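What follows is each chain in one-letter form.
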Amino acid sequence: MLRHGMKRFAVPALGVASLLAGLTAAAEPAFDSQQVARDFVTSLDRAVQVPSRPGLSGAQARAANTYQTFLFANFTNVVVYNNGTALTGVSVPVPLPASMGSSPTNFVGAGQAEVTGPWSQVISYTTNPADPYGAAKTCTYAVSTAFVGGACQANINFYAQGTQGVACGFIPSQSGIDPTTCQLQLALVIQ
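The rules behind these values
Residues numbered from 1 in each chain as written. Predicted model: local features only at pLDDT ≥ 70, side-chain atom pairs only at ≥ 80, totals over all residues. Heavy atoms only, no water. Phe/Tyr/Trp six-rings, centres within 6.5 Å; stacked < 30°, edge-to-face > 60°. Helix = DSSP H or I, 4+ residues; strand = E, 2+ residues; numbered from the N terminus. Buried < 20%, exposed > 50% of the residue type's maximum accessible area, 1.4 Å probe, protein only. Contact = heavy atoms within 4.5 Å. Polar contact = N/O pair within 3.5 Å; in protein donor to acceptor, adjacent residues only side chain to side chain. Pairing = 2+ DSSP bridges. Disulfide = S-S within 2.5 Å.

Novice: Outline the packing of aromatic side chains, listing residues and values.
Specialist: In this structure the tally under the stated criterion is three aromatic pairs. Here Phe158 and Phe170 contribute two aromatic rings whose centre-to-centre distance is 6.0 Å and whose plane-to-plane angle is 20 degrees, an arrangement assigned as stacked. You can see Phe158 sitting in strand β11 (residues 151-161) and its partner Phe170 sitting in strand β12 (residues 168-170), a full twelve residues away along the chain. We classify Phe158 as buried; its relative accessible area is 1%. In textbook terms, an aromatic cluster arises when at least three aromatic residues are bridged by ring pairs, as seen for Tyr141, Phe158 and Phe170.

See the structure below:
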């Protein structure tokens, strides 16, 4: 189960278009860019804990494998490109997009990996793949999950790179980790 807002719905292992179409069609309320601006969290000096969302997966017990779903909001006003990163795990039903357009009102991309329990992922997007650490806006997100006191927790670090000024972060109201199953959903932002 994937959770968007307060409504839960199943996410089949399909392409990005299907994943995003499901989010758009089932979302209640609709993507609110003003709420996103109020809710946006960024940090460059410490790990930020992802909110715990009991029941996110709808499962009552920990399964051998779980899903990590990543949604992307691009507020740069230009296309962003994958900076050489890929999701890893048992399988990757929805690979990271090679590129994503900009939209002030919608998620523009998604990726999903099936993993075994605690797992780490590194994701990076840039406005300039030829010079990602120079004339560019580049965000690298390092996500890790772990069992702490019998509950699954997730932390995320953001690394802003390039010389054009960028804000990297996530949207807590659209993100969470199920403490029982370790299922993770993260709404990531580059601006």
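After that view, the rundown keeps rolling.
Novice: I'd like a description of the environment of Tyr67, backed by residues and values.
Specialist: Structurally, Tyr67 can be placed in strand β4 (residues 66-74). Under the relative-accessibility criterion, Tyr67 is labelled partly exposed at 30%. For the pair Tyr67 and Val92, spaced 25 residues apart in the sequence, the C-alpha separation amounts to 9.3 Å. Dropping the residues within four chain positions of it, Tyr67 is found in contact with Pro93, Gln112, Ala113, Glu114, Cys182, Gln183 and Leu184.

Novice: How would you explain the side chain of Glu114 if you had to name every residue and give the values?
Specialist: Among the secondary structure elements, Glu114 is positioned in strand β8 (residues 109-115). For Glu114, a relative accessible area of 18% corresponds to the buried category. Within the local environment of Glu114, its side chain forms a polar contact with the side chain of Asn65, the two groups lying 3.3 Å apart. Excluding its chain neighbours within four sequence positions, the residues that come into contact with Glu114 are Asn65, Thr66, Tyr67, Gly89, Val90, Ser91 and Pro93.

Novice: Describe in detail the pairing of β11, supporting the description with residues and values.
Specialist: When a strand is regular, its side chains alternate between the sheet's two faces. Note that strand β3 (residues 48-49) and β11 share two bridges and pair antiparallel. Paired with Val48 across the strands is Ile156, a residue of β11. Between the end of strand β10 (residues 138-148) and the start of β11, which pair antiparallel, lie two residues, with Gly149 showing a positive phi angle near 60 degrees.

Novice: Let's hear about the state of the cysteines: which residues, and what values?
Specialist: Disulfide: a covalent bond formed between the sulfur atoms of two cysteine residues. Tallied over the entire structure, the rule returns two disulfides. Each disulfide pairs two cysteine sulfurs, and for Cys152 the partner residue is Cys182, the sulfurs being separated by 1.6 Å. Judged by the sign of its S-S torsion, about 70 degrees, the cystine formed by Cys152 and Cys182 is right-handed. Taken together, the positions of Cys152 in strand β11 and Cys182 in the loop between β13 (176-177) and β14 (184-190) put the pair 30 residues apart, joining distant regions of the chain. Each bonded cysteine in the chain gets a number by its place in the sequence, and the pairs come out as 1-3, 2-4.

Novice: Could you give me a rundown of the sheet that holds β11, with the residues and numbers involved?
Specialist: Here we have six strands laid out as an open sheet, ordered β3-β11-β10-β9-β5-β7, and antiparallel in their pairing. Sheet topology places β3 and β7 (99-100) at the edges, where each strand pairs with a single neighbour.

Novice: Outline the side chain of Thr145, supporting the account with residue identities and numerical values.
Specialist: Here Thr145 shows up in strand β10. Here the side chain of Thr145 touches Trp119 through a polar contact of 2.6 Å, landing on its backbone nitrogen. Among all residues touching Thr145, those that are not within four sequence positions of it are Gln68, Gly117, Pro118, Trp119, Cys152, Gln153, Ala154, Ile177 and Leu184.

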